[in-house]
Amino acid sequence: MSELSQDQLLNLVNSKQIAPGSDRVRALTQRIVSDLFHTIDEMDVTPDEFWAAVDWLGRLGSSGQLGLITAGLGFDRLLDIRSDEADARAGRAGGTPRAIEGPLFVAGAPLSQAEVRLDEGEPQGEVFVMEGRVLDLDGRPLPHALIDVWHANVQGGYSHFFPGMKPYELRRRIEADDQGRYRFRSYVPPGYSIPPNSPTSELFDALGRHGHRPAHIHFLVVAPGMRTLTTQVNLPGDTYLDDDFAFATRDGLIVELERGVAPAGYESLGVNAPFVRTRFDFVLQPAVSEGESLPLTRMERVRA
Ligand code: DHB
Ligand code: FE
């Protein structure tokens, strides 16, 4: 092949085609490759820097930590901001705010009716009960709504990702009762930190950034005809509440904790002493398409 300038090479890369392919994939690839060519040229990226980055991406991929990087570089929250903006343009308002799913969801958690213990009878720290209802925008209960709940253990680890934890530890599904009520017992989770000595920590060390998230609990809430809600609640008082590595803290999702002695009615959860309680209702919007009410997480949606 003849000699090529950078621009000629870019044009060639972006115009090669022997079949229609996908217009969308071609347009996005062209844009990203162009941006990267320009970055390499303007920032004078050396071959060693380029291949070190490729090596890092390879190690990141095989570590399964890509989803940690997307969160830490703001992409997960960006997608939520864009969804909120699209909702505002479409006049869709109200309900519990969405919050990032995070990379640590696992499908197929054990299912219970109305209530469950997430701590599996191995209490740690303060006894914690979270309870409430699943409602529509008019405050009507959504009977038998399904709630997936997952949170980190006392060391900040999630089962299936953190060594030594049992399958589905601190992960459950709860089917709300006929009045849309749910409740669960667990312990107040601590914050979370990205794994040390990992491709993720390598980048954040080089950026001079921390990899901490404030204490939070994840939810995926599904009801027929309603828009599936992916959200998290934050626990108050955490050092990182306003300095979340994943930028996910939102107004309306920081719960209040009430400390007291459990009144009657919590025996089935084994609560008979001081406990911490939080009440939180999940309010779902109506779905405007069938796809919106599917019980699917972010990766299940794209793989379905
Ligand atoms: C990450 C971890 C989480 O627990 C979470 O909710 C979101 C992101 C992360 O490691 O990137
Ligand atoms: Fe999390």
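As the structure is a prediction and not an experimental result, all values here were calculated from the model.

### A word on the UniProt feature "domain: Intradiol ring-cleavage dioxygenases" (unreviewed entry) in the protein chain
Okay, step 1: Following the UniProt record, the feature "domain: Intradiol ring-cleavage dioxygenases" (unreviewed entry) maps to residues 130-158 here.
Okay, step 2: Annotation note: span residues 130-158, helix share 0%, strand share 38%, distance between end C-alpha atoms 19 Å.

### What about the site of ligand 1?
Okay, step 1: Taken together, 15 residues form the shell around ligand 1, and within it Leu68, Tyr158, Tyr192, Arg213 and His218 come nearest.
Okay, step 2: Side-chain polar atom of tyrosine 192 to an oxygen atom of ligand 1: 2.6 Å apart, as the coordinates give it.
Okay, step 3: Considering ligand 1 on its own, with 290 Å² of exposed area, one finds that the protein chains cover 100% of that surface.
Okay, step 4: Looking at the shell around ligand 1, the element that brings in the most residues is helix α4 (residues 66-72), giving 3 residues.
Okay, step 5: Broken down by class, the residue content of the shell around ligand 1 amounts to 9 nonpolar, 5 polar and 1 charged.

### A few points about the packing of aromatic side chains
Two aromatic rings are characterised by how far apart their centres lie and by the angle between their planes.
Okay, step 1: All told, the structure shown has 10 aromatic pairs when counted by the stated rule.
Okay, step 2: Clustering of aromatic rings is evident, with ring pairs tying together Phe128, Tyr182, Phe184, Phe219, Phe280 and Phe282.

### What about a nonpolar patch on the surface?
Okay, step 1: Taken together, Leu36, Ile40, Phe50, Trp51 and Val54 make up a surface patch of nonpolar side chains, about 460 Å² in accessible area.
Okay, step 2: Here the nonpolar patch takes 3 residues from helix α3 (residues 47-63), the largest share from any one element.
Okay, step 3: Topologically, tryptophan 51 is positioned in helix α3.

### Details of the sheet that holds strand β10 (residues 229-234)
Okay, step 1: Pairing in this open sheet of 5 strands is mixed, and the strands run β1-β5-β4-β9-β10 from one edge to the other. Each edge of the sheet is formed by a strand with only one pairing partner; in this case those strands are β1 (111-113) and β10. Across the sheet, the axes of successive neighbouring strands diverge by a mean angle of 25°, strand direction being ignored.
Okay, step 2: As paired strands, strand β4 (residues 146-150) and strand β9 (residues 216-222) are joined by 5 bridges and run antiparallel to one another. Bridge pairing in β9 links leucine 146 to valine 222.

### Let's talk about the coordination of the iron ion (ligand 2)
Expected angles at a metal are 109.5 degrees for tetrahedral coordination by four donors and either 90 or 180 degrees for octahedral coordination by six donors.
Okay, step 1: Coordination of the iron ion (ligand 2) by the protein involves Tyr158 (OH), His216 (NE2) and His218 (NE2), with metal-donor separations of 2.0 to 2.1 Å.
Okay, step 2: For the iron ion (ligand 2), the single-chain donor residues occur in sequence as Y-x57-H-x1-H. Here tyrosine 158 is found in the loop between β4 and β5 (171-175), whereas its partner histidine 216 is found in strand β9, with 58 residues between them in sequence. Here the two residues tyrosine 158 and histidine 216 agree in accessibility, since each one is buried.

### Let's talk about the side chain of threonine 249
Okay, step 1: In this structure, threonine 249 sits in the loop between β10 and β11 (258-261).
Okay, step 2: Overall, the relative accessible area of 17% leaves threonine 249 in the buried class.
Okay, step 3: The contact partners of threonine 249, leaving out residues within four places of it in the chain, are Arg77, Pro214, Asn234, Leu241, Asp244 and Ile254.

### Some remarks on the packing of helix α1 (residues 6-15) against helix α2 (residues 23-42)
Okay, step 1: At a closest axis distance of 10 Å, the pairing of α1 and α2 adopts a crossing angle of 160°. Comparing the axis directions of α1 and α2 gives the class roughly antiparallel. For the pair α1 and α2, the sense of crossing is right-handed. Together, Gln6, Leu9, Leu10, Val13 and Asn14 of α1 and Gln30, Val33, Ser34, Phe37, His38 and Asp41 of α2 make up the contact between the two elements.
Okay, step 2: For the contact of α1 with α2, the class distribution of residues is 5 nonpolar, 5 polar and 1 charged.

### Observations regarding the pattern of salt bridges
Okay, step 1: Using the criterion set out here, one finds 25 salt bridges in the structure.
Okay, step 2: Close ionic contact of aspartate 55 with arginine 59 constitutes a salt bridge, the shortest N to O distance being 3.1 Å. Of this pair, aspartate 55 and arginine 59 both sit in helix α3, separated by 4 residues, roughly a single helical turn.
Okay, step 3: Taking the shortest distance from any N to any O, the salt bridge between glutamate 292 and arginine 227 comes out at 3.8 Å. A residue pair is termed long-range when its members are at least 10 positions apart, and glutamate 292 in the loop between β13 (282-283) and α7 (298-303) and arginine 227 in the loop between β9 and β10 qualify at 65 residues.
Okay, step 4: Here the salt bridges do not stand alone but share partners, grouping Asp84, Asp87, Arg92, Arg98, Arg227, Arg250 and Glu292 into one network.

### Things to note about α3
Okay, step 1: With 17 residues, α3 should reach 24 Å at 1.5 Å per residue; the first-to-last C-alpha distance of 24 Å fits that figure.
Okay, step 2: In the stretch just after α3, glycine 64 is the one whose phi turns positive, near 75°.

### Looking at the environment of glutamine 124
Okay, step 1: One can find glutamine 124 in the loop between β2 (115-117) and β3 (127-135).
Okay, step 2: Separated by 109 residues in the primary sequence, glutamine 124 and serine 15 have C-alpha atoms spaced 60 Å apart.
Okay, step 3: Residues contacting glutamine 124, with those up to four places away along its chain left out, are Val154 and Tyr187.

Here is what the cut-offs are and how they apply
- Residues numbered from 1 in each chain as written.
- Chains lettered and ligands numbered in written order.
- Predicted model: local features only at pLDDT ≥ 70, side-chain atom pairs only at ≥ 80, totals over all residues.
- Heavy atoms only, no water.
- UniProt positions renumbered as here; feature names shortened; annotations may be inferred.
- Helix = DSSP H or I, 4+ residues; strand = E, 2+ residues; numbered from the N terminus.
- Near = heavy atom within 4 Å.
- Polar contact = N/O pair within 3.5 Å; in protein donor to acceptor, adjacent residues only side chain to side chain.
- Areas by Shrake-Rupley, 256 points an atom, 1.4 Å probe, with all protein chains shown as cover.
- Nonpolar A, V, L, I, M, F, W, Y, C, P; charged D, E, K, R; others polar.
- Phe/Tyr/Trp six-rings, centres within 6.5 Å; stacked < 30°, edge-to-face > 60°.
- Patch = residues over 30% accessible without salt bridge, like charges linked within 9 Å, V, L, I, M, F, W, Y side chains within 5 Å.
- Salt bridge = Lys/Arg side-chain N within 4 Å of Asp/Glu carboxyl O.
- Pairing = 2+ DSSP bridges.
- Axes fitted to C-alpha atoms, helices over the stretch in contact; angles between N-to-C directions.
- Donors = N, O, S within 2.8 Å, 3.2 Å for Na, K, Ca; no water.
- Buried < 20%, exposed > 50% of the residue type's maximum accessible area, 1.4 Å probe, protein only.
- Contact = heavy atoms within 4.5 Å.
- Parallel < 35°, antiparallel > 145°, perpendicular 65-115°, else oblique.
- Left-handed = near helix turned anticlockwise from the far one by under 90°.
- Expected span 1.5 Å × (residues − 1).

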